[in-house]
Structure formats: structure tokens, C-alpha cells
Amino acid sequence: MARIVMKFGGTSVADLERIRNVAGRIKAEVDRGNQVAVVISAMAGVTNQLADYADQSAELYDLREYDVVVSSGEQVTAGILAIVLQDLGVSARSWLGWQIPIRTNDAHGNARIEDIDVTEILRRFDDGQVAVVTGFQGIDAQGRVTTLGRGGSDISAVALAAALDAERCDIHTDVDGVYTSDPRIVAKAHKLDRVTYEEMLEMASQGAKVLQTRSVEIAMKHRVRVRVLSSFENSSGTLIVDEDEIVEQAIVSGITYSRDEAKITLTRVPDRPGAAAGIFGPLAEAAINVDMIVQNVSVDSDETGITFTVTKADLERAVKVLEGLRDSLEYGDLLSDPNVVKVSVIGVGMRSHVGVAQKMFSTLAEKGINIQVISTSEIKVSVLVAEEYTELAVRSLHSAYGLDAA
Ligand code: ADP
Ligand code: ASP
Ligand code: MG
């Protein structure tokens, strides 16, 4: 007998037919004698629709009320799944975040889980009951409903698995595992049987939407055994593991892209101590995250250029902040460009192999793709290029690193 968490994403519960399919999978685990907690998303498209309603109701709104609205999709699927399970003769009940409770901080719209009280779920496991838990939501210290950020049901699932000390956390989705690149744009991508926590974390944070970034962080910290697999087919999926559990480690494991970037350039910035702090300090105060940064070297002048990226959603605010600083920063022009994409090459093998970045640059050069910004970490190289080259860049790199399926 094992204790497991099974998570089902939006496409897996998109209609009643699919919810019945999901219920059948859960019943199979129960029939094997396992204790099962299920974490469920809203039906595909529902959270977007709910967020649109909030957006259209007022220009500026109370994020506590936004959370009340967008968390409601999961309530529907949890209730329906519990009904369908009961109809199959499986003992089950639904749990909203506050009923467990899943306690979070009060960062509405992007809250962090602080604690999950699993006492009652564990007690009911002993009676053979399945817990059907709404993903994406929790409750703060003021008793208000919170949500965990888009894609947040993955976080709920992994955090619940950690709290339950579950043997594994199965993330069921519309692909049969983690691929070397997004299979929607790279037809030759192949499924990885195993991927390290570190690579998965980097892939998620660089744009591979298959797992939400923070869910991977929690899995890594608590050593939760996460598996990504299909809701629709029977296959073994991808297991996220420690590095020493991989026998033959490829140098590069994946190519990702993120269209969520926008570029800002400040020209003729006075080249003096405090210039960068004067730009990035106010952006940080405005809670604007800056990702890639380059500063040009000023050889024969006392001015420099600084280029950096923010998320597309923050671009307008960032521009406003910087325009307000024009007099104090004494920069020349402020240029912004939302039509960029960040493409990244990821692999733990980069630690021990040279030439990985060079291959990236030469491959893009051969395709005539200009690199605008570069950033690196120990296991990743990222470049910013024009958005129109997304597919060409990702596919060419995928081939260049020998990742194409045979
Ligand atoms: P869910 O609704 O089940 O949470 P998501 O849409 O959030 O599903 O995540 C699954 C999608 O992630 C896939 O359909 C796929 O297009 C995308 N994806 C992006 N990068 C990858 C990758 N490297 N491997 C697998 N899927 C990926
Ligand atoms: N329904 C939420 C969303 O679409 C959470 C999730 O599906 O992971 O963002
Ligand atoms: Mg998802």
C-alpha cells in the first residue's frame, strides 16, 4: 500500500467525459490498495475566463476579490469529481483550500503556501476515503481566500505530497512527460525518462510550462518524487530525480523559450558609480522583476548603454517608473520592445563541458538570428532574440545539440 497524490490539469478535466476518465484512473489506484489524495485544476480555459471577468469589471481592483473569482473554477471540478467517484462506488469527498486548511501568506494572486494541516485527510485515509482537493487556492491569516499564481495547482499537489509524506506525486497532463522541448513547437522533441530536479527547475523557470516553477522548488527542497505523465495514455512518464540517479547524463537536456519577456534600453547613461543602482532600485521598489541585464563598456566616452528585460506584463509600469527618473538619471533615450523571446539551453553537463555556449551562438548565427542579450548560469545559457525567430531558433538548437528524436 502506498500513499500517493494524483494531480490532474485543466485539459484532463475539460468536460464530464474526461472527468469520468480521471475518476477511472483514481479508482484503479484505490483498488490497488493505495491511499489517494487528488489535486484538481479548473476545466481548461475557465480560469482565463474568470480572470477576464475580473479584468473587465474595473481598471484597478482588489486582489482579494480577484482571488475569490478565479479560485472558483477548481470548486466546480472538485465537486463534480467527488460525485463521479462516489457514483463509481469510491468513497470520496471534496476539500476547498480553506477547509483543510492550506494556509498561505496574504500575497493575493501569487500567494505562498506556509502550512497544510493534513490531520483530517490522514484520518479519513484510514477509512479508505479519497480526498479531492481544489488546486491553486488557500486561505490567509485574515481568513481570505488566496490563489497561488497561474499554473498553481502543480504547487498545491507537490506541497500536499510533502505534507502527507507521500510516496509519489503524479502530475497528469496533456503530454506524456517532460520533453526535450515544447512538443507543440518542436515536432522532433523526445520524452525524457528522467530529468534532474535542477534541470527541471531551470526548464520551468525558463518557460517550459509543463510544471510550475515553484512546484519544482518545493519538490527539490522536500525531495518529493514527482512524475509527469499523461491523463489519457498509459505510459511511464518522466520521473524527476537526483543527479546520481541518472546513469548517462546528456550535456544538454532541454531547449526552452519564453515569450513573456520585454526589452528596455536606456542610452547615454552617465557612466558613474550608482548609475545601475539608480535604475534598478526604483524598479525593485515598484516590485518589477528584472531578468537579463547588459551594460555596454564605454571606451571613449563617459556614457554607457544599459539593456535589460522585464515581463511583458510589467513593461508599461517599468517604462512609467523610468520616465519619472529621466531628470535624476540623465539618460538619453528610453527604448522598449515587447517583440522578443528568451531562448535557453539547459543541462547539468555544462558544468563539465566547454563549448556549449559557443555552439548556441554559432547555430543562431548560421540561421541569421541576431542575439540581443545573453545571460548564463551554471547549467543554462539564455539569449534574447526577436520574437519572430522563436520556432526557428528553438528547432535549430534542438537539432544542433543532437536532441532530435530518431
Ligand atoms: P496542465 O493544464 O495539465 O497543467 P499545462 O498546459 O500547464 O498543463 O502544461 C502542459 C503543456 O506544457 C504541454 O501541453 C506542452 O505544450 C507544454 N510544454 C512546454 N514545454 C514542455 C516540455 N519541455 N515538455 C512537455 N511539455 C511542455
Ligand atoms: N486553474 C489555474 C490556472 O489555470 C491553476 C492550474 O490549472 O494550475 O492557472
Ligand atoms: Mg499547468
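Residues numbered from 1 in each chain as written. Chains lettered and ligands numbered in written order. Predicted model: local features only at pLDDT ≥ 70, side-chain atom pairs only at ≥ 80, totals over all residues. Heavy atoms only, no water.

Asker: Honestly, the sheet that holds strand S15 (residues 293-295) in this entry has me stumped. Any pointers?
Answerer: The sheet built from four strands is open, its strands ordered S15-S16-S14-S17 with antiparallel pairing. Strands at the two margins of the open sheet, each flanked by one partner only, are S15 and strand S17 (334-337). Averaged over all adjacent pairs, the angle separating strand axes in this sheet is 15°, with direction ignored. In the sheet, strand S14 (residues 261-270) pairs with strand S16 (residues 303-311) via eight bridges, with the strands oriented antiparallel. Among the inter-strand pairings, Ala262 is bridged to a residue of S16, identified as Val310. Helix H9 (residues 275-285) contacts S14, S15 and S16 of the sheet and is inclined by roughly 20° relative to S16. Against the sheet, helix H10 (residues 315-323) makes contact with S14, S16 and S17, and its axis sits at roughly 15° relative to S14, the strand it touches most. (Pairing = 2+ DSSP bridges. Helix = DSSP H or I, 4+ residues; strand = E, 2+ residues; numbered from the N terminus. Axes fitted to C-alpha atoms, helices over the stretch in contact; angles between N-to-C directions. Contact = heavy atoms within 4.5 Å.)

Asker: Just to check I follow, could you spell out the site of ligand 2 for this structure?
Answerer: Around ligand 2, the neighbouring residues are Ser41, Thr47, Glu74, Phe136, Arg150, Gly151, Gly152 and Ser153. At a separation of 3.4 Å, an oxygen atom of ligand 2 approaches a polar backbone atom of Gly152. For ligand 2, whose free accessible area comes to 270 Å², the fraction covered by protein is 86%. (Near = heavy atom within 4 Å. Polar contact = N/O pair within 3.5 Å; in protein donor to acceptor, adjacent residues only side chain to side chain. Areas by Shrake-Rupley, 256 points an atom, 1.4 Å probe, with all protein chains shown as cover.)

Asker: Would you explain helix H4 (residues 72-87) in this entry?
Answerer: Given 3.6 residues to a turn, an α-helix orients residues that are three or four positions apart in the same direction. Taking 1.5 Å of rise per residue, 16 residues should cover 22 Å, and H4 covers 23 Å from first to last C-alpha, within 8% of that figure. Among the residues making up H4, those that are buried are Gly73, Glu74, Thr77, Ala78, Leu81, Ala82, Val84 and Leu85. End-on view of H4: buried residues confined to an arc of 165°, all on one side of the axis. Every exposed residue of H4 that faces more than 90 degrees away from the buried side is listed here: Ile83 and Asp87. Gly89 occupies a position one or two residues after H4 and carries a positive phi of about 85°. (Expected span 1.5 Å × (residues − 1). Buried < 20%, exposed > 50% of the residue type's maximum accessible area, 1.4 Å probe, protein only. Arc of directions from axis to C-beta.)

Asker: Sorry if this is basic, but what is going on with helix H7 (residues 197-205) here?
Answerer: Most of H7 is tucked away, with seven of its nine residues classed as buried. All of the buried residues along H7 are Tyr197, Glu199, Met200, Leu201, Glu202, Met203 and Ala204. Once H7 finishes, Gly207 follows within two positions and takes phi at roughly 120°, a positive value.

Asker: Honestly, the site of ligand 1 in this entry has me stumped. Any pointers?
Answerer: Residues in contact with ligand 1 amount to 17 residues; listed here are only the nearest, Thr173, Asp174, Tyr179, Asp182 and Arg184. One of the side-chain nitrogen or oxygen atoms of Asp174 is found 2.8 Å away from an oxygen atom of ligand 1. The contact in question runs from an oxygen atom of ligand 1 to an N or O atom on the side chain of Asp182, over 2.9 Å.

Asker: Before we go on, may I ask you to explain the pattern of salt bridges in this structure?
Answerer: Note on pairing: side chains with opposite charge can pair once their charged atoms come close. Under the counting rule described, the total for this entry stands at 26 salt bridges. The partner of Arg64 in a salt bridge is Asp62, with the nearest N and O atoms 3.0 Å apart. Looking at Arg64, the relative accessible area reads 38%, which means it is partly exposed. Here Arg351 makes a salt bridge to Glu198, at a shortest N to O gap of 2.6 Å. Separated by 153 residues along the polypeptide, Arg351 in the loop between strand S18 (340-346) and helix H12 (356-366) and Glu198 in helix H7 bring together distant segments of the chain. Residue Arg351 is classed as partly exposed on the basis of its relative accessible area, which comes to 36%. By sharing partners, the salt bridges in this structure join Glu29, Arg32, Arg168, Asp170 and Arg227 into a single network. (Salt bridge = Lys/Arg side-chain N within 4 Å of Asp/Glu carboxyl O.)

Asker: How do you make sense of the packing of H12 against helix H13 (residues 390-400) when you look at a structure like this?
Answerer: Relative orientation and spacing of two packed helices are given, respectively, by the angle between their axes and the distance between those axes. Contact geometry for H12 and H13: axes closest at 10 Å, N-to-C directions at 130°. The orientation of H12 relative to H13 falls into the category oblique. Crossing of H12 over H13 shows right-handed handedness. Between H12, through Lys359, Met360, Thr363 and Leu364, and H13, the contact on the second element is made entirely by Ala393, Ser396, Leu397 and Ala400. Of the residues in the contact of H12 with H13, the class split is five nonpolar, two polar and one charged. (Parallel < 35°, antiparallel > 145°, perpendicular 65-115°, else oblique. Left-handed = near helix turned anticlockwise from the far one by under 90°. Nonpolar A, V, L, I, M, F, W, Y, C, P; charged D, E, K, R; others polar.)

Asker: Explanation requested: unusual backbone geometry in the structure shown.
Answerer: Between Ile100 and the following residue, Pro101, the backbone shows a cis peptide bond with an omega angle of -10°. Secondary-structure assignment places Pro101 in the loop between strand S3 (92-95) and strand S4 (102-104). In this structure, Asp165 is a non-glycine residue whose phi angle is positive, near 55°. Inspection of the secondary structure assignment puts Asp165 in the loop between helix H6 (153-164) and strand S9 (168-173). With phi around 45°, Arg268 is a residue other than glycine that occupies positive phi space. As for its position among the elements, Arg268 is in strand S14.

Taken by themselves, the reported measurements are silent on function.
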